[in-house]
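One letter stands for each residue in the lines below.
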Amino acid sequence: MKRINLGRVILGGLVAGVLINISEYVLNTIVLKADMDAAMKAIGKTVPMSGGTIAVWVILGFAMGIASVWLYA
């Protein structure tokens, strides 16, 4: 069995992370926006997510992409 090329795993994971983050953006800002706004209003929260929260989700998207490619390899 050959060794896993870590550079390729990271590169593929970053590409997967970009795709994950784009799809999450489209899902949350276009597809589910009205439902998310209604749900937030129902629980009494009207403040949108802060920049720090968005940054954490973007980083987690890249981490999930890298982990997925590593598991595949």
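Predicted model, so just to flag it, every value in this text is computed and none were measured. (Residues numbered from 1 in each chain as written. Predicted model: local features only at pLDDT ≥ 70, side-chain atom pairs only at ≥ 80, totals over all residues. Heavy atoms only, no water.)

(A) Looking closely at the pattern of salt bridges. Counted according to the given criterion, the structure contains one salt bridge. With a shortest N-O distance of 3.4 Å, aspartate 37 and lysine 33 are connected by a salt bridge. A residue pair is termed a helical-turn pair when its members lie 3 or 4 positions apart in one helix, as aspartate 37 and lysine 33 do in helix 2 (residues 33-42) at four residues. On the accessibility criterion, aspartate 37 (41% relative accessible area) is partly exposed. Under the relative-accessibility criterion, lysine 33 is labelled partly exposed at 43%. (Salt bridge = Lys/Arg side-chain N within 4 Å of Asp/Glu carboxyl O. Helix = DSSP H or I, 4+ residues; strand = E, 2+ residues; numbered from the N terminus. Buried < 20%, exposed > 50% of the residue type's maximum accessible area, 1.4 Å probe, protein only.)

(B) Layout of the confidence of the model for the protein chain. The predicted model of the protein chain averages 92 in pLDDT, with 99% of residues at 70 or higher. The weakest mean pLDDT in the protein chain belongs to helix 2 at 90; the strongest belongs to helix 1 (residues 6-31) at 96. (pLDDT = per-residue confidence, 0-100.)

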